[in-house]
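Structural characterization, general
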Amino acid sequence: MLGLYRFLKYSAILLWSAFVAGPFLWALTTSFKTSEGIVSGATYIPWLQYKPSLDGWGVLFRRGGQGIDIVDPYLASLTVTLSASAISLVLGTLAAYGLSRFSYKAGPIKNADITFFFISQRIMPPIVLSIPFFLMLQAFGLLDTKLGLIIVYVALLMPIAVWVMIDFFHNIPVELDETAMLDGCRPVETFFRVILPNCKPGLVVAGLFCLIFGWNDFFFAFMLTFTKTQLLPVAVVALNSSVTPWWSLSASALVSVAPLVILAFVVEKYLSRGNLAGAIK
Amino acid sequence: MLVSRQKLIFLLPGLLVLVAIIIFPLLFTIRVSFSSWDVMYPGLDWIGGKNYSRLFSDSRFWESLQRLAGIAVGTVVIEYLLGFGLALLVWKEVRYKRFFRVLFLVPMMTTPVIMSVIWRTIFHESLGPLNNILGFLGLGQVPWLSTAGMAVVSVMMVEIWQWTPFMFLLLLAGLLSLPKEPFQAAAIDGAGPFRTFFMVTFPLMAPISIGTLIIRLIEASKIMETVYVLTSGGPGTATETSSYYIYIRGLRDFQIGYAASLSVTYLVLMILALTILAKFLVRAFISKDKA
């Protein structure tokens, strides 16, 4: 009975692992193919089923001329995502701390309403804001620039930072603040000297979420940039619409998703804890 | 006094930035929705509610909403069941527990459009691995992206692959934060695993379940990128979600005014639907709690 249960449990785990890993393994093997390895139907094992080649990977780094330049979009994606995430994290953490410790009032608007305003921004479908964003950035001359995208992404990411951090602060005992205040610290000092050093797990999770949603956004990058600035998802999807060489497509896809996948394994210990627990109550 | 001034230092920067970035575009969209702005006459004239009366008889829009509701609710329910199941699997002692916990998260770390491009090659009817494997197992070939029904299934499959990890992450975090005492009490009462799950685990997880379901429903109500890459809304309009339809009207046909009215209607309906769903979920889970 127990043996059967264990068998079923590990089968389920392995089955789901295969489903999760399948697309990556397929992309990995495809990235070493040439057109012969593709047009004759699905093949999986190099040397045995097809002759592996490095063409798919080679074109990614051949700047200019032949091939797809993936270096510039990569750097652009890094700049935009990191800047927007950093700004969102700073502003979001400050706001979340304020909302969790003090009471604000402006007419009928109270803390709960402000919190709701922050978090509810996630409900906004990108398409609703795309046209005004386009015109707004055009008016400020920020269309097709990194700065323009950073501004847009801050609006996208800050709600996530507030959402994760507000709950994190709720779980830090208020006594910690009060002790510091009794010692004569002003609120700003209390925050930076006492609270912030204890925030690492929350900041890691909030930061990771910002990076995920920033790095992976396609729609705004697609709408608001054209030639001068091109982000990674737009560059890769552009390959899809032309005559598609599956090998370079696969190679570029793997290179694009690698950083966050690696990061996930690095910060694993923060993710598997109960930190996020009450974040959604 | 000092405190009250200092507390604004925390809140105001973030709040003002967000209001500045979001509110003006939103107000602008509402204003544009009362204009006839299109590719021939770009400009803010005032045509009253004409766009809104037009969308009332635009069956393609209403069909896209129904389709979106079906796809969103369907995927989120499946994601919840799978995510909860997976979280339970790696909650207690399992070999290589930490490795599997991260592996299960990987899809949500990846870029949806980029993975959709890979999925498109997987779904390829003659050259893709999916039909190849089905053939190997002696099963028939499936026209994944070229028939209406299967195209919807394909889109849902990619969405489930991408976002079950998010459910899994929040539900696992919830499970790990549960108090130990109720489980000890259940063990003393001699409750088996099924009884323990339905009498202890599931009720304790009700608030977290409601939260994750609502968050995922919000995100799922925006589905469009997978559709854009996998099917472009087709075949016909079989996988056209509301966002994608608005995209076609606004940015392909350049009927900016009309697309704005669709956007406003879509947003209002989404908020209404999600509020009702949230109320419904709370009641469903709480009544189960008492039963």
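Parameters at a glance
Residues numbered from 1 in each chain as written. Chains lettered and ligands numbered in written order. Predicted model: local features only at pLDDT ≥ 70, side-chain atom pairs only at ≥ 80, totals over all residues. Helix = DSSP H or I, 4+ residues; strand = E, 2+ residues; numbered from the N terminus. Rg over C-alpha atoms; globule rule 2.2 N^0.38 Å. Buried ≥ 20, exposed ≤ 12 C-beta atoms within 10 Å, placed from the backbone. Contact = placed C-beta atoms within 7 Å. Domains from an automatic or database assignment. Nonpolar A, V, L, I, M, F, W, Y, C, P; charged D, E, K, R; others polar.

Time to look at the overall build of chain A. For chain A, the count of helices and strands is 14 helices and two strands. The globule rule puts the C-alpha radius of gyration for 281 residues at 19 Å, and the 23 Å found for chain A is more than 25% above it. Taking the principal axes of the C-alpha coordinates as reference, chain A spans close to 75 × 70 × 30 Å. In chain A, which comprises 281 residues, the share counted as buried stands at 44%. Considering only contacts within chain A whose residues lie at least 6 apart along the sequence, 75% involve residues at least 24 apart.

Often, the extent of an interface is quoted as the loss of accessible area on bringing the components together. Residue and element names in this part refer to chain A. Split into domains, chain A comes out as domain 1 (2-61) and domain 2 (71-280). Spacing between the C-alpha centres of domain 1 and domain 2 amounts to 32 Å. Counting residues at the interface gives 13 residues for domain 1 and 10 residues for domain 2. Counting only elements with at least two residues in the side of domain 1 that touches domain 2, the list comes to α1 (2-30) and α3 (55-58). Among the residues forming the side of domain 1 that touches domain 2, the class breakdown is seven nonpolar, four polar and two charged.

The interface of chain B with chain A comprises 76 residues on the first partner and 73 residues on the second. With 18 residues, helix α1 (residues 2-32) of chain B is the single largest residue contributor to the side of chain B that touches chain A. Tallied by class, the residues present in the side of chain B that touches chain A amount to 55 nonpolar, 16 polar and five charged.

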